[in-house]
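Listed below are the residues making up each chain.
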Amino acid sequence: MSEITKSYEAREIEQKWYAAWQAAGVFAGKVEPGKEPYTIVIPPPNVTGVLTMGHVLNNTLQDVLIRRARLEGKSALWIPGTDHAGIATQTVVERQLRKEKKTRHDFGREKFIEKVWDWRHEKGGIILEQLRRLGASCDWDRTHFTMDEGYSRAVLGVFVDLFKKGFIYRGKRMVNWCPVSQTALSDEEVIMKPTKGFIYQVRYERTDAPGEYITVKTTRPETIPGDLAIAVHPEDPRYAGIIGKTVRRPLGPTAEIPIIADAAVDKEFGSGALKITPAHDKVDFEIGQRHGLPPIDVLNADGTLNELAGPELAGMERFAGRKRAAELLKESGALIEAEAYENNVGYSERADVPIEPRLTWQWWLKYPRVEEAKAAVRDGHIQFHPERWSKVYLHWLNNLQDWCISRQLWWGHRIPVWYRKGLDVEKLTEAELADPEKLHVSLEGPSDPENWVQEVDVLDTWASSWLWPFATLGWPDENAMKAAGFDQFYPTTTLVTGPDIIFFWVARMIMGGLEFPRPGEPLERRIPFKHVYFTGIIRDGQGRKMSKSLGNSPDPLDLIAKYGADGLRFGIISIAPQGQDIRFQEDRIEGGKNFCNKLWNACRFRQMSGPMGDNSSLPAIMARLKADQFDADDHAILDRLLATTREVDRCFAQFEFSAAVQALYGFFWNDFCDWYVEVSKAKLQDEATKENCLALQDLVLRQTLLLLHPFIPFITEELWQLLGYTGAGRFIEDSRLQNASQVATAGHDLGLVIDQAAAQSVEKLKAFVSLARTLKAERGLASRRDTRFLLKADDSQWEAVTINLAKITRLVGAEEIVRQDSVDGAPAVVTPLGTLALDLAANLDVGAEKERLAKELESLAKHIAGTEARLANKAFTDKAPPAVVEGAKKQLADQQAKRAELERLLQALS
RNA sequence: GGACCCUUAGCUCAGUUGGUUAGAGCGUUUCCUUGACAUGGAAAAGGUCACUGGUUCGAGUCCAGUAGGGUCCA
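Within every chain, residues take consecutive numbers counted from 1 along the sequence as written. The lettering of chains begins at A and the numbering of ligands begins at 1, in the order of writing. Totals for whole chains, interfaces and linings use every residue, but because this is a predicted model, local features are given only for residues with pLDDT of at least 70 and side-chain atom pairs only at 80 or more, for both listing and counting. Hydrogen atoms and water are omitted, and side-chain values are computed over all heavy atoms in the structure.

1. Quick word on the overall build of chain A
For step 1, the next point in the chain: Scanning chain A from terminus to terminus reveals 31 helices and 29 strands.
For step 2, the next point in the chain: For the radius of gyration, the atoms used are the C-alpha atoms, and the globule rule reads 2.2 Å times the number of residues raised to 0.38. Radius of gyration (C-alpha) of chain A: 37 Å, far over the 29 Å computed for a compact globule of 910 residues.
For step 3, the next point in the chain: Seen through its C-alpha atoms, chain A measures out along the principal axes to roughly 115 × 65 × 60 Å.
For step 4, the next point in the chain: Every one of the 910 residues in chain A was classed for burial, and the buried ones make up 54%.
For step 5, the next point in the chain: Taking the intrachain contacts of chain A between residues at least 6 apart in sequence as the baseline, contacts between residues at least 24 apart amount to 78%.
For step 6, the next point in the chain: In the structure as shown, chain A presents an accessible area of about 40,000 Å², 50% of it carried by carbon and sulfur atoms. Only DSSP runs of H or I reaching four residues or more are called helices, and only runs of E reaching two or more are called strands; each is numbered from the N terminus. For every residue, the accessible area obtained with a 1.4 Å probe (protein chains only) is divided by the maximum for its type, and the residue is called buried under 20%, exposed over 50%, and partly exposed between those limits. In what follows, residue pairs with any heavy atoms lying within 4.5 Å of each other are defined as contacts. Only the protein chains shown count as cover for residues, and the accessible areas themselves come from Shrake-Rupley with a 1.4 Å probe.

Next up, the structure:
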């Protein structure tokens, strides 16, 4: 056992223990039949990702849960991995190519994908290294990647399966098109943002009645060349007579377009007339369908206008085209007015540009197991923490739209569909899509590949991550599942994630879990996880979301360098209460570091205080205790230790991590260090009490280290070893953390019964010491160690003082405390253990003392009045529980006694 | 437009089923390098719990409404 140094050097110790844990296989999720499992799958970060504060919070919590599970003796498994992040990764590699003035098309699909793999092997997954720095105890041998071979087979197999079951279909529909990534997006990947622009009032001239016009309002004049009709509400009297007539399209290729009636038109908006551009608006598309209007698409995939928009606009970028369109309309006199306008525009989540509604062929998924997914959460098989998110979840499930799962990218799982050569894939009919001679769907592909062409699209990344909780356990390969311990570890126990991906990920995983790995079994065996803990979102000091573009996110690795991984972990958890967003405060991280330092030094004090006894196990320490020699402080610290253990147990059961950390902080700093260690200093001077005191410290420190270990693993491991709580080659997690009732039972069996009355009596000592210190401080004597105190006490009070005299004298910084019948004329306070005075009568500022006493009496009088009023209220004494009434009576008696004493002291000064 | 959340000390936040004089950290003021720790210790100042009404013997806590801030969905 080596000596504990003066300060804690985090970096060195973190590296040492992380390497040792890994070498010893401490993180390995072992298949141990009969043991209770505890499984977590990491929310796979993007393979392009770097560690953010959000990851720190999220992964620290997962690590806390998994380490606690190990301490509780469970078979714990935390599966790590990354997500191939289709658009993000492809964009990163394309950006690299652009530096060489090349695009992915210069390489072709296969070569480009090779390049992406090269990038992934070189630079991808940095974040997993960073998680190790944080202390994440994942089973790294089980690291998964959504593009790995086995995982890919699961993804494609699911596609084939769902296609065969009829959940997947191909359809030409309006999709959210991102002109930058040039792919379709799901509704969830579109973010609505209020956007400033203009609304244009444009008039369309009647062809049958020249000089007469219909006006419409539009924010998108550049799409007028794609207009196919003007629609009005069938019951709008303003237009009753002209339905079926025609108007002239005021921009683009000349055309006469009809005035049609459709109930979807909002009579109240603008003039009540709506221009119908089926290719560029979802509502327009539907109206167009009803009236048999084949859309005219005036945009290219990259968002530029095409020749159908007319020669003046063709080739222009869409926003430049909008400006130009407005100018052209103005020149021709069709533009009546352009006014500033703000409306909600959908933006591409990744590229952050407005999306285009675009009519394209895509693959769609009808969600399976929707009703079961609702029931699983509603009936509590899956519990959300905080519970309120289940409402958001259910609301989404109640308004489900089919999921567009195809993406026009190269990086991703290529859809396992083949078209018979010679088919025009842009014009497939329902019959052809259902004909295996024309459309082949399988994992292996057709046996005569020369006659087929594979689908070029890949799957949405989320269409692979929704299988994460079971595909990472080997599903669907039976041998792999066996090796991974699927039977033991599924369903997983807890998922820790952000509420921002409830729809993207959580809900879809639930449906996937219910559908795939255990068909036919009861719902509670099919759910992918039992608990979902939603973290808050980390914001900066001004409440803004942390983001790269704002540059307001500190680099977690810098914070680790500055405060240690444990300091960062402790700090971030302490500011992350359940269910609320978190304002980041670096000073709380500093507080985490300071706490580690405090812990370190308290252990150092223990080591310096006397020889180490047998600390090898809890019974060994308990055997060193002599309960019959316990004093009130010993009972009190054990009582607080037990209460803290109970509180931490409760916090884990209810996912209240910051409360657990605060309970531990308060216990250790205030109860143990500020009080027990201080009274120990007197007890250690006395051979009669020394041994018990040391053993008790060993007991408290042991339990504290175990309780703290999940939160601050490195420092607790180091101290665990230094204080001899384990043998060489073993770790803190080889020990078992007992819960509060187990600890109490173990103590009870050894005759260690906490004396509640004695524990309670320490409160009086604390009050006494605090009042004595204040008495000194108010007279500028705080630092004097040679003060003489006079105490007027009755026999029982004096007995309580004398038993604890050495400790108290030390704590208040007194030379001595002597009993005296009268302390009149001296500056005094009324304590629970008598009236305490400073032996200063000679040079007393009588005026100041009288003022102080008068002030105290004044505030006391208010409280007495309040208590009296309460007790005088018959309704209160009749209806309140007896214990509360008794408490009030007792309080009044104490207050009155104190008032009498204060009045007497004041009298004596006069 | 619908749903949810928030408003408590200078700042950031706790406050579980209603029950003594509402707590913590940071910050501020004063004092202290006393043998674990100055990354520390001691003491102090600082709050009409957003507002209005209701329920109750009793409301920061429950209910209704108002104002302000935020998030999600449409």
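2. Focus: the protein's contact with RNA strand B
For step 1, the next point in the chain: When at least one non-hydrogen atom of a residue lies within 4 Å of a molecule or strand, that residue is treated as near it. Surveying the vicinity of RNA strand B reveals 45 residues, the closest of which are Gln-585, Asn-597, Asn-601, Trp-669 and Lys-879.
For step 2, the next point in the chain: The share of sugar and phosphate among atoms of RNA strand B within 4 Å of the protein is 72%.
For step 3, the next point in the chain: In the environment of RNA strand B, a phosphate oxygen lies 3.4 Å from a nitrogen or oxygen atom belonging to the side chain of Arg-583.
For step 4, the next point in the chain: For the purposes of these results, a polar contact is taken to be a pair of N or O atoms within 3.5 Å, where, inside protein, one atom must be able to donate a hydrogen and its partner to accept one; residues adjacent in sequence count only when each atom of the pair is a side-chain atom. Note that a sugar or linking oxygen of RNA strand B is positioned 3.2 Å from one of the side-chain N or O atoms of Asn-594.

3. So, the sheet that holds strand β15 (residues 383–385)
For step 1, the next point in the chain: Only strands that DSSP links by at least two bridges are regarded as paired with each other. Strand order in the open sheet formed by three strands is β15-β23-β22, with parallel pairing between adjacent strands. A single partner strand is all that each edge strand has here, and the edge strands are β15 and β22 (492–497). Across the sheet, the mean angle separating the axes of adjacent strands is 15° when strand polarity is ignored.
For step 2, the next point in the chain: Two strands pair when backbone bridges link them, and β22 and strand β23 (residues 529–534) are joined in this way by five bridges, in the parallel orientation. Bridging across to β23, Thr-494 finds its partner in His-531. Interaxial angles span 0 to 180 degrees and are taken between N-to-C directions of axes, which are lines fitted to C-alpha atoms, for helices over the stretch in contact.

4. A closer look at the nonpolar core
For step 1, the next point in the chain: To qualify as a nonpolar core, a set must consist of buried Ala, Val, Leu, Ile, Met, Phe, Trp, Tyr and Cys residues joined through side-chain atoms within 4.5 Å. Counting residues in hydrophobic clusters, the biggest one holds 197 residues, and the most contacted among them are Phe-384, Tyr-393, Leu-467, Ile-510 and Ile-572.
For step 2, the next point in the chain: The element that contributes the greatest number of residues to this core is helix α22 (residues 657–683), accounting for 13 residues.
For step 3, the next point in the chain: Counting residues in hydrophobic clusters, the runner-up holds 26 residues, among them Tyr-239, Ala-273, Val-298 and Leu-329.

5. Comments concerning helix α6 (residues 149–164)
For step 1, the next point in the chain: The span you would expect from a helix comes to 1.5 Å times its residue count less one. Helix length check: α6 (16 residues) gives 22 Å between terminal C-alpha atoms against 22 Å at 1.5 Å per residue, within 8%.
For step 2, the next point in the chain: Within the span of α6, buried status applies to Tyr-151, Ser-152, Ala-154, Val-155, Leu-156, Val-158, Phe-159, Val-160 and Leu-162.
For step 3, the next point in the chain: Among the residues trailing α6, Gly-166 stands out with phi positive, at a value near 90°.

6. Some remarks on unusual backbone geometry
For step 1, the next point in the chain: Cis geometry is found at the peptide bond from His-385 to Pro-386, where omega equals -5°.
For step 2, the next point in the chain: Checked against the element boundaries, Pro-386 lands in the loop between β15 and α10 (389–398).
For step 3, the next point in the chain: For the bond from Trp-475 to Pro-476, the omega torsion is 5°, close enough to zero to count as cis.
For step 4, the next point in the chain: Looking at the element boundaries, Pro-476 is found in the loop between α13 (468–471) and α14 (478–484).
For step 5, the next point in the chain: A positive phi is found at Ala-85, a non-glycine position, where the angle reads about 45°.
For step 6, the next point in the chain: Locating Ala-85 in the fold gives a position in the loop between β3 (81–82) and α3 (86–99).

7. Overview of the sheet that holds strand β9 (residues 229–232)
For step 1, the next point in the chain: Read from one edge to the other, the open sheet built from four strands follows the order β10-β11-β9-β12, with strand pairing classed as mixed. The sheet is open, and its two edges are formed by β10 (246–248) and β12 (273–276), each paired on a single side. Taken over all neighbouring pairs, the strand axes of this sheet differ in orientation by 30° on average, direction set aside.
For step 2, the next point in the chain: As paired strands, β10 and strand β11 (residues 256–261) are joined by three bridges and run antiparallel to one another. When the sheet's bridge partners are listed, Arg-248 is paired in β11 with Glu-256.
For step 3, the next point in the chain: The strands that helix α7 (residues 282–290) touches are β11 and β12; relative to β12, the one it contacts most, it runs at about 85°.

8. Focus: the pairing of strand β28 (residues 828–831)
For step 1, the next point in the chain: The alternating pattern of β28 places Ala-828 and Val-830 and Val-829 and Thr-831 on opposite faces, both of which are buried.
For step 2, the next point in the chain: Where β28 meets strand β29 (residues 834–838), four bridges bridge the pair, whose relative direction is antiparallel. Note that in β29 the partner of Val-829 across the bridge is Leu-836.
For step 3, the next point in the chain: Counted between consecutive antiparallel strands, the loop separating β28 from β29 contains two residues.

9. Things to note about helix α1 (residues 10–24)
For step 1, the next point in the chain: In a regular helix each residue adds 1.5 Å, so 15 residues correspond to 21 Å; α1 covers 21 Å between its end C-alpha atoms and thus fits that length.
For step 2, the next point in the chain: Listed in full, the buried residues belonging to α1 are Ala-10, Ile-13, Glu-14, Trp-17, Tyr-18 and Trp-21. Seen end-on, α1 carries its buried residues on one side only, within an arc spanning 125°. Across α1 from its buried face, at more than 90 degrees, point the exposed residues Arg-11, Glu-12, Gln-15 and Ala-23.
For step 3, the next point in the chain: Turning to α1, the residues buried within the fold contact α2 (53–71), α5 (126–134), α18 (556–574), α19 (586–609) and α24 (713–722).
For step 4, the next point in the chain: A positive phi of about 70° marks Gly-25, the residue just after α1. Comment: arc refers to directions from the helix axis out to C-beta atoms.

10. Quick look at the pattern of salt bridges
For step 1, the next point in the chain: Between Lys or Arg on one side and Asp or Glu on the other, a salt bridge is scored when a side-chain nitrogen of the former is within 4 Å of a carboxyl oxygen of the latter. Using the criterion set out here, one finds 69 salt bridges in the structure.
For step 2, the next point in the chain: A salt bridge links Asp-698 to Arg-624; the nearest nitrogen and oxygen atoms lie 2.8 Å apart. Here Asp-698 is found in helix α23 (residues 687–708), whereas its partner Arg-624 is found in the loop between α20 (618–623) and α21 (632–653), with 74 residues between them in sequence.
For step 3, the next point in the chain: According to the relative accessible area criterion, Asp-698 is buried, its value standing at 0%.

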